[in-house]
Amino acid sequence: MKIALLGYGRMGKEIEKIAISRGHTIVIRKDVDDEIDINLADVAIDFSVPNSAFNNITNCINNQVPVISGTTGWLDKYEDAVALCKEKDSAFIYASNYSLGVNIFFELNNQLAKMMSSLEDYNISMEEIHHTKKLDAPSGTAITLAEGIINNSSKKNWELGENTSEENIPIVAKRIPEVPGTHTVWYNSEVDTIEIKHTAHSRKGFALGAVVAAEWILNKKGVFSMKDVLNIG
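Worth saying up front: this structure is predicted, and the values here are computed from it rather than measured. As a convention, each chain's residues are numbered from 1 in the sequence order in which they are written. Whole-chain, interface and lining totals are the exception, using all residues; otherwise, since this is a predicted model, local features are given only for residues with pLDDT of at least 70 and side-chain atom pairs are given and counted only at 80 or more. As a rule here, side-chain values cover all heavy atoms of the structure and leave hydrogens and water aside.

Some points on the sheet that holds strand β10 (residues 193–199)
- When DSSP finds two or more bridges between two strands, those strands count as paired. Think of it this way: any DSSP run of H or I at least four residues long counts as a helix, any run of E at least two long counts as a strand, and we number them from the N terminus. Read from one edge to the other, the open sheet built from five strands follows the order β7-β8-β6-β9-β10, with strand pairing classed as mixed. This sheet does not close on itself; its edge strands, each paired only once, are β7 (157–160) and β10. Each neighbouring strand pair of the sheet contributes to a mean axis angle of 20 degrees, computed without reference to strand direction.
- In terms of strand pairing, strand β6 (residues 123–130) meets strand β9 (residues 182–188) through seven bridges, oriented antiparallel. Looking across to β9, one finds that Asn123 is bridged to Asn188.
- Contacts from helix α4 (residues 100–116) reach β9 and β10, with the element oriented near 165 degrees to β10. Fitting a line to C-alpha atoms yields each axis, with helices limited to the stretch in contact; the angle taken between N-to-C directions then spans 0 to 180 degrees. The contact criterion used throughout is that any non-hydrogen atoms of two residues lie within 4.5 Å.

Listed below in structure tokens is the structure:
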């Protein structure tokens, strides 16, 4: 499989290692303003920057090149990308986190939120920790976790910081050097605490999941998620 890497930072380089180890060829390595011919690739993996992501994705969709995107901070245009993908009969996956373990964690989070939804004595809180080079806060993964709780409980929204209104979920975001990503969800009451936590040990898990998704989407048409890739939920 011929892969275009749209974004060649730390994640792009990690994806390259995994892809080559699985027998694939990298035909494009695109930094922010590089001119490319996307048609050289069978599939594209976008881990660029928010200002470039939508253009990268639409270029792939317009040229019938399946695209996997893990860039956060551009989602105000997500529905536009979905509509274009359907119009052009192309293929597209966006995920806030491609780690296979994190996507299992998302499902655990959803199920726990359902079970806890009627127990009013528990307060929900969240924390995410990432490396100091991560630009957005809270992380896309934390937002996905919060949305999973909101969809399965009476919570209305999430807020960044510890002091939030009762109907919202507080998310504390910390930036510590060399932390790939740690996400924790707490349900606290006077009598006990329930905690679920995912700790990434390296970027390898994110890169592997992105390559697995790229392998899966080849020759498919439509808008998909990691639930489809992993056949869960």
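The rest of the description comes next.
Digging into the pattern of salt bridges
- Each salt bridge in this description consists of a side-chain nitrogen of Lys or Arg and a carboxyl oxygen of Asp or Glu lying within 4 Å of one another. Applying the stated criterion across every chain, the model contains seven salt bridges.
- Here Arg29 and Glu16 are joined by a salt bridge, their closest N and O atoms 2.6 Å apart. One end of the pair, Arg29, is in strand β2 (residues 25–30); the other, Glu16, is in helix α1 (residues 10–21), and 13 residues separate them in sequence.
- For each residue, the accessible area found with a 1.4 Å probe, counting protein chains only, is set against the maximum for its type, and the residue is called buried under 20%, exposed over 50%, and partly exposed in between. Here Arg29 falls in the partly exposed class, since its relative accessible area comes to 41%.
- The residue Glu127 makes a salt bridge to Lys174 at a minimum N-O spacing of 3.1 Å. Separated by 47 residues along the polypeptide, Glu127 in strand β6 and Lys174 in strand β8 (residues 168–175) bring together distant segments of the chain.
- Given the relative accessible area of 15%, Glu127 is considered buried.

What to know about helix α2 (residues 50–62)
- The span you would expect from a helix comes to 1.5 Å times its residue count less one. Between its terminal C-alpha atoms α2 stretches 19 Å, which fits the 18 Å expected from 13 residues at 1.5 Å a residue.
- For α2, every residue scored as buried is listed here: Ser52, Ala53, Phe54, Asn56, Ile57, Thr58, Cys60 and Ile61.
- Elements in contact with the buried residues of α2: β1 (2–6), β2, β3 (43–46), β4 (67–69), α3 (78–88) and β5 (91–94).

A short note on the side chain of Lys134
- You can see Lys134 is positioned in the loop between β6 and α5 (140–150).
- A 3.5 Å cut-off defines polar contacts: any pair of N or O atoms within that distance qualifies, except that in protein one atom must be a possible hydrogen donor and the other a possible acceptor, and neighbouring residues in sequence count only when both atoms are side-chain atoms. At 3.2 Å, the side chain of Lys134 forms a polar contact with the side chain of Asp136.
- Ignoring any residue separated from it by four or fewer positions in sequence, one finds Lys134 in contact with Thr72, Ser139 and Arg175.

Quick notes on the sheet that holds β4
- The strand order β2-β1-β3-β4-β5-β11 describes an open sheet built from six strands, whose pairing is parallel. Single-partner strands in this sheet number two, and they are β2 and β11 (222–224). Ignoring which end each strand starts from, the neighbouring axes of this sheet average 15 degrees apart.
- Where β1 lies against β3, four bridges are found, and the strand directions are parallel. If you follow Leu5 over to β3, its bridge partner there is Ile45.

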